[in-house]
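# Inside the fold
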Amino acid sequence: MIAEVVINSTVKNLDRVFDYAIPVEMEDEIEIGSRVLIPFGRSTNYEEGFVVGLKEKSDYEVKEILRIQEEELSNQEMKLAKWMANRYFCNLSDCIKLMLPPGTATKKIENRAKDKKVQVVYLKKNIEQIKEAIQKKEIKSAKQIKALNFIKKNSGVTIQEIELFTDISRSIIKTLEKNGYVEILEKTIERNPFLHKVLERTEKLHLTEEQQYAYQQVEKAIDEKKHESFLLYGITGSGKTEVYMQLIEKVVRMGRAAILLVPEISLTPQMVDRFIARFGQETIAVLHSKLSIGERYDGWQKIKDGRANIIIGARSAIFAPVKDLGIIIIDEEHDSSYKSETNPRYHAKEIAKKIAQEKEIPLLLGSATPDITTFYEAQEGKITKLVLTKRANESNLPEIRLVDLREELAIGNRSMISRYLYQEIENNLKNKKQTILFLNRRGFSTFIMCRECGYTLKCKNCNISLTYHKKEEILKCHYCNHQEKVPTVCPVCGSSKIKHFGTGTQKLEMEINHLFPNATTIRMDIDTVTKKNSHEDILNRFKNENIDILIGTQMVVKGHHFPNVTLVGVIAADSSLNIDDYRAEERTFDLIVQVAGRAGREKEKGRVLIQTYNPDAYSIRYAQKQNYDLFYNAEIKMRKQLKYPPFCDIIMFGISGEEEEKVKEMSNQIYAAIKKKIESSQIEANLGLPMPAPIDKIKNRFRYRIIIKAILTSDLIQMINECLKENFKTNRTKTRVITDVNPMNML
Ligand code: ADP
Ligand code: ZN
Ligand code: ZN
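Note that residues are indexed from 1 along each chain, following the sequence as it is written. By the order in which they are written, chains take letters starting at A while ligands take numbers starting at 1. In keeping with the predicted nature of the model, local features appear solely for residues at pLDDT of at least 70, side-chain atom pairs appear and are counted solely at 80 or more, and the whole-chain, interface and lining totals rest on all residues. Side-chain calculation: all heavy atoms of the structure are included, whereas hydrogens and water are not.

Looking now at the overall build of the protein. Elements are defined by DSSP. Helices are runs of H or I of four residues or more, strands are runs of E of two residues or more, and each kind is numbered from the N terminus. For the protein, the count of helices and strands is 21 helices and 31 strands. We compute the radius of gyration over the C-alpha atoms and compare it with the globule rule, which gives 2.2 Å times the number of residues raised to the power 0.38. A compact globule built from 747 residues would reach a C-alpha radius of gyration of about 27 Å, and the protein, at 27 Å, matches this within 12%. In terms of its C-alpha atoms, the protein occupies a principal-axis envelope of roughly 85 × 70 × 65 Å. Here's how the labels work: a residue is buried when its accessible area is under 20% of the maximum for its type, exposed when over 50%, partly exposed in between, all with a 1.4 Å probe on protein chains only. A total of 747 residues make up the protein; the buried ones form 53% of that total. When checking whether two residues touch, look at their non-hydrogen atoms; a contact exists if any pair is within 4.5 Å. Of all intrachain contacts in the protein linking residues separated by at least 6 positions in sequence, the fraction that spans at least 24 positions is 75%. Surface accessibility of the protein: about 35600 Å² in total, with carbon and sulfur atoms responsible for 48%. In this count, Lys and Arg are taken as positive residues and Asp and Glu as negative ones, while His and the chain termini are left out. To locate a charge, take atom NZ for lysine, CZ for arginine, CG for aspartate or CD for glutamate. Averaging the locations of the 116 positively and 102 negatively charged side chains of the protein gives two centres separated by 4 Å. Computed by Shrake-Rupley with a 1.4 Å probe, the accessible areas treat only the displayed protein chains as cover when residues are assessed.

Next up on the list: the nonpolar core. Buried residues of nine kinds, namely Ala, Val, Leu, Ile, Met, Phe, Trp, Tyr and Cys, make up a nonpolar core once their side-chain atoms join them within 4.5 Å. Counting residues in hydrophobic clusters, the biggest one holds 88 residues, and the most contacted among them are Ile96, Phe319, Ile328, Ile351 and Leu550. No other element matches the six residues that helix α17 (residues 584–596) contributes to this core. Sequence-distant contacts of Phe319, defined by excluding residues within four places in its chain, comprise Leu80, Met84, Leu98, Met99, Trp300, Tyr346 and Ile351. Formed by 32 residues, the second largest nonpolar core is a distinct cluster that contains Met245, Leu247, Ala258 and Ile310.

To continue, consider the confidence of the model for the protein. As a note on interpretation, predicted positions should not be read in detail where pLDDT is low. On a range of 0 to 100, pLDDT expresses the predictor's confidence in each residue. Taken as a whole, the protein shows an average pLDDT of 86; of its residues, 92% reach a score of 70 or greater. Note on residues 105–115: pLDDT is under 50 here. Beyond four places in sequence and across chains, it has 26 contacts.

Next up on the list: the coordination of the zinc ion (ligand 2). Each angle at a metal carrying four tetrahedral donors should ideally be 109.5 degrees, and each at a metal carrying six octahedral donors should ideally be 90 or 180 degrees. Coordinating donors are taken as N, O and S atoms within 2.8 Å of the metal, stretched to 3.2 Å for Na, K and Ca; because water is absent from the atoms, sites can appear incomplete. Ligation of the zinc ion (ligand 2) by protein atoms is provided by Cys450 (SG), Cys453 (SG), Cys490 (SG) and Cys493 (SG), these donors lying 2.3 to 2.4 Å from the ion. Given four donor atoms and angles of 104 to 113° at the metal, the environment of the zinc ion (ligand 2) is assigned as tetrahedral. Positions of the donor residues of the zinc ion (ligand 2) along the chain correspond to the pattern C-x2-C-x36-C-x2-C. Note that Cys453 is positioned in the loop between β18 (447–450) and β19 (467–469) and Cys490 in the loop between β21 (483–485) and β22 (498–501), a separation of 37 residues in sequence. Judged by its relative accessible area of 38%, Cys453 is partly exposed. Residue Cys490 is classed as buried on the basis of its relative accessible area of 3%. Working rule for geometry: tetrahedral if four donors all subtend angles between 85 and 135 degrees; square planar for four, octahedral for six, if opposite donors exceed 155 degrees and the others stay between 65 and 115; irregular in every other situation.

The term salt bridge refers to a pairing of a side-chain nitrogen on Lys or Arg with a carboxyl oxygen on Asp or Glu at a separation within 4 Å. Following the criterion strictly, the structure yields 38 salt bridges and no others. In this structure, Glu4 and Lys55 form a salt bridge, with 3.2 Å as the shortest nitrogen-oxygen distance. Highlighted residues: Glu4 in strand β1 (residues 2–7) and Lys55 in strand β4 (residues 46–55), separated in sequence by 51 residues. Overall, Lys55 belongs to the partly exposed group, its relative accessible area being 27%. Here the salt bridges do not stand alone but share partners, grouping Lys339, Glu341, Arg345 and Asp740 into one network.

Turning next to a positive patch on the surface. To count toward a patch, a residue needs a relative accessible area above 30% and no salt bridge. Like charges then connect within 9 Å, nonpolar side chains (Val, Leu, Ile, Met, Phe, Trp, Tyr) within 5 Å. On the surface, a cluster of positive charge is contributed by Lys131, Lys152, Lys153, Lys699 and Arg736. Structurally, Lys699 can be placed in the loop between β29 (691–698) and β30 (701–710).

Here the focus is the sheet that holds strand β5 (residues 63–64). Whether two strands pair comes down to DSSP finding at least two bridges between them. The strand order across the open sheet formed by six strands is β5-β2-β1-β4-β3-β6, and the pairing between neighbours is mixed. What marks the edges here is a single partner per strand, and that holds for β5 and β6 (67–68). Relative to β6, strand β3 (residues 35–39) runs antiparallel, the two sharing two bridges. Considered in β6, the bridge of Leu37 is made with Arg67.

A pair of aromatic rings is counted whenever rings of Phe, Tyr or Trp (Trp by its six-membered ring) have centres within 6.5 Å, and the orientation is called stacked for planes under 30 degrees apart, edge-to-face for over 60 and tilted otherwise. What the rule picks out here adds up to 15 aromatic pairs. Taken together, a centroid distance of 6.3 Å and an interplanar angle of 90° make the contact between Trp83 and Tyr88 edge-to-face. Looking at Trp83, the relative accessible area reads 24%, which means it is partly exposed. One aromatic cluster is present, formed by Tyr233, Phe375, Phe589, Tyr618, Tyr628, Phe631 and Tyr632 through successive ring pairs. Here Arg621 stacks its cationic end above the ring of Tyr622, 5.2 Å away from the centre of that ring. One Lys or Arg, Lys709, reaches over the ring of Tyr644 and ends 4.1 Å from the middle of that ring. The criterion is that NZ of a Lys, or CZ of an Arg, lies within 6 Å of the ring centre and within 35 degrees of the ring normal, and then a charge sits over that ring.

Moving on, we come to the site of ligand 1. Around ligand 1, 16 residues are found, and the nearest of them are His206, Gln211, Gly237, Thr241 and Arg274. Pairing of N or O atoms within 3.5 Å defines a polar contact, subject to two protein rules: one partner must be a possible hydrogen donor and the other a possible acceptor, and residues neighboring in sequence count only if both atoms are side-chain atoms. Between Ser238 and ligand 1, the recorded distance is 3.3 Å, taken from a backbone N or O atom to an oxygen atom. Compared with its free state, where it exposes 560 Å², ligand 1 has 73% of that area covered by protein. If you tally residues by element for the shell around ligand 1, the top one is helix α8 (residues 240–253), at three residues. Being near a molecule or strand, for a residue, comes down to having at least one heavy atom within 4 Å of it.

As structure tokens, then:
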């Protein structure tokens, strides 16, 4: 017998099938999905691969499979992996990896102690510095490099876990510590983070009429064992989660399992507690990227063994190895974190749909501000729309006011805080209520410019301006982490008139401290969220220490419930509006509605102030009214007119490399190949010329892109796959090509 094997490698040239002979003693064991070790290339070299097909004979002279590795895939998983590789133009082995347990233990996993002191290993240098050290041969040992990569990929990993999941020994980590590349912190960990938690059990609530109707529609699909997609469209607090819980209970009672996806950032202990209080912790598995590799492994096994039948997780939990799945629920279905921005660039919603169709189960999407595409499909009748119009606990929606910053400028107020916001903050301080201020820019100033010649300081690796961080007196690149000192004279004209412009959270905090010297403040952005001071810690401090004002970026938008917050200020609503992306209006609308949702979740009515230079933009106007339907109607008209999703798909090729000429050459080659194919076929597609990307250089790599606007049909998929294969065979340069279907980031 012959096995067709794909090699577990990211090199595109290797993404094809190789034939291997199956030794007689393995014939009974090897099947499609088996993970195998095979000789490859030079005789001493072994690679891991997956069996994707079986046949009687090969046309080639073949080598033998060396051995079978432990974890394997089911036929259904293999089928899904193949579908993904084709649909997202990526390697089959990369898709297969998503379906394997996180890390594969090389030693006996049961040997781990339950509760004990562990040593957590952190990188002490940033990725760029480590890369440089490797290039300069300051780090030579392959094991050390492997260790650094593993630590980078698994933040919060312990020495014990490294020993368990890799062939790297403790002494290698110690050497890295001695040489200053990693630091080791001792910590006591609980293997099971919920074990000692005692939560009072909650009973299911009596559903409102609207909730009951929504519940029954989905229940019917469960009972009839058929696939149907639903959109549960309801404002925050309308009781969507209660509906999810009762549907999950129904599925579990039938002996089946449920997957609930939530955005990574919403997956807080409070959120999980609600489910534990209802279902108990024994049957719940939580999967997300902040867990240690050991915890993720445990969760995965718990699901595989059938001990857990409620799976709550972020994007990749859609691949959890559930045996008898009864429903998939995606909360905040519009959230961009469901789309993977690394290979394979899949969208969890599309995967969920595929799985739900295969398994003939319902898919329930929930949101207060649905994705425009989802809502369109609901309007078209492809998705069943279920609506919750009222808040379940009778709290009021906050009142939103717009502040026109142009008027502030006209009266000479150059501060970031308008007169109205100032007044409201003062009121809140007087009444001992809490305030959240939101600004989508971190750092102090967003750029530094010479007043004499207009030169702006840019990163030497990326074509993007450097941000001034006042506390450290340093300029940072937010794309590659490059840092440099603030110059005293302009590098071009020598003038000393270099000033910083634009605003960031650091500057906002300083201004607030200056305006309200007696108020306590806390800031949350990537710069204050560190390994020792997590997102959770900051929010807990804000809540428990009753700090007056929380200042933050995107991160403050989701997750917690703050009963004492009655005022939310959006400092500059325009920052998400002025980006070069067809979703700019949608993102602005979502963001404002979500930020507003932070205010007044209790009986007391909250106030929201939105400062903007564009009070007439429809996203801002309709967000002020908190009216999704009006927004949708305006937005869908524009999408139709400009032919953007849902009226077509966007397929983006990103071509990047260190030599601009090579990047251009490769771009032209791909463009010509696609053009030829489109012209000789019936495919209707709008192919754009290769162009430098809006940010045309990141980390010293030049970036070009080609965009196709077309409906992604199976013909088009096949055509693109052929093009990519043909163009890669002849090209072995360091130029990289990524293909992204409906990318989240167009920069
Ligand atoms: P959403 O998920 O839409 O934001 P939740 O399910 O979290 O809404 O509900 C908001 C609040 O209303 C919660 O405190 C919840 O316990 C309560 N709630 C939900 N459904 C009901 C109900 N049928 N009766 C009473 N309270 C409810
Ligand atoms: Zn100058
Ligand atoms: Zn940079």
